[in-house]
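# Summary of structural features
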Amino acid sequence: MEFSENTIVCEGVIPSEVLARQCLKLVVLSDDEYLVHLADTVAQQEPLGFVRVVVWIQNIDNISIINQIPEIDDIENCLAFSLSTINRIGTVITSRSTIDLVELDSAFIEAGKTEIN
């Protein structure tokens, strides 16, 4: 499956150059390509000029992810999480979440809200 330029596929961890980017991020830890496709679709919308990026991590290194984003809890049940432009967690999507375009859009919105809280 092909994705837009808004989706970055990487190995193990979130690349430091991606964390340094001033954009809203949705980090996908699941190997579900359909989830990534939905996230990519939502990321192409840029309300109020906020750039959205999907980071799909394959062959996840849980310990390194926790070191990068210490706020993340229960990484084993985490399918995805959103990050603000300053890398604060907005939403954690777990296996118990309903995953659709609205949920993914809300994750980006919550990440944006953490900028001002």
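Preceding block: the structure.
Presented here is a report on the structure given in the accompanying data block.

Conventions adopted
Residues numbered from 1 in each chain as written. Predicted model: local features only at pLDDT ≥ 70, side-chain atom pairs only at ≥ 80, totals over all residues. Heavy atoms only, no water. Helix = DSSP H or I, 4+ residues; strand = E, 2+ residues; numbered from the N terminus. Rg over C-alpha atoms; globule rule 2.2 N^0.38 Å. Buried < 20%, exposed > 50% of the residue type's maximum accessible area, 1.4 Å probe, protein only. Contact = heavy atoms within 4.5 Å. Areas by Shrake-Rupley, 256 points an atom, 1.4 Å probe, with all protein chains shown as cover. Axes fitted to C-alpha atoms, helices over the stretch in contact; angles between N-to-C directions. Parallel < 35°, antiparallel > 145°, perpendicular 65-115°, else oblique. Left-handed = near helix turned anticlockwise from the far one by under 90°. Nonpolar A, V, L, I, M, F, W, Y, C, P; charged D, E, K, R; others polar. Salt bridge = Lys/Arg side-chain N within 4 Å of Asp/Glu carboxyl O.

### A short note on the overall build of the chain
In terms of regular secondary structure, the chain is built from four helices and five strands. Secondary structure elements in the chain, listed N-terminal to C-terminal, are β-α-β-α-β-α-β-β-α. For the chain, whose C-alpha radius of gyration is 13 Å, the value lies close to the compact-globule estimate of 13 Å for 117 residues. In terms of its C-alpha atoms, the chain occupies a principal-axis envelope of roughly 35 × 35 × 30 Å. Going through the 117 residues of the chain one by one, you find that 45% of them count as buried. Of all intrachain contacts in the chain linking residues separated by at least 6 positions in sequence, the fraction that spans at least 24 positions is 68%. About 6,100 Å² of surface is accessible on the chain, with carbon and sulfur atoms providing 50% of the total.

### Considering the packing of helix H2 (residues 33-43) against helix H4 (residues 101-113)
In contact at an axis separation of 9 Å, H2 and H4 are set at 60 degrees when each is read in the N-to-C sense. Considering the angle they form, H2 stands oblique to H4. Every pair of crossing elements has a handedness; the one defined by H2 and H4 is right-handed. For the pair formed by H2 and H4, the contact residues are Leu35, Leu38, Ala39, Thr41, Val42 and Ala43 on the first element and Leu101, Leu104, Asp105 and Phe108 on the second. Taken together, the residues of the contact of H2 with H4 break down into eight nonpolar, one polar and one charged.

### Brief notes about the pattern of salt bridges
Close approach of charged atoms allows side chains of opposite charge to pair. If you walk through the whole model with that rule in mind, you get two salt bridges. Notably, a salt bridge pairs Arg52 with Asp105, separated by 2.8 Å at the nearest N-O pair. Taken together, the positions of Arg52 in strand E3 (residues 52-58) and Asp105 in helix H4 put the pair 53 residues apart, joining distant regions of the chain. The exposure class of Asp105 is partly exposed, given its relative accessible area of 22%. The salt bridge involving Lys113 is made with Glu110; its shortest N-O contact spans 3.2 Å. Taken together, the positions of Lys113 and Glu110, both in helix H4 and three residues apart, correspond to about one turn of that helix. Judged by relative accessible area, which is 30%, Glu110 ranks as partly exposed.

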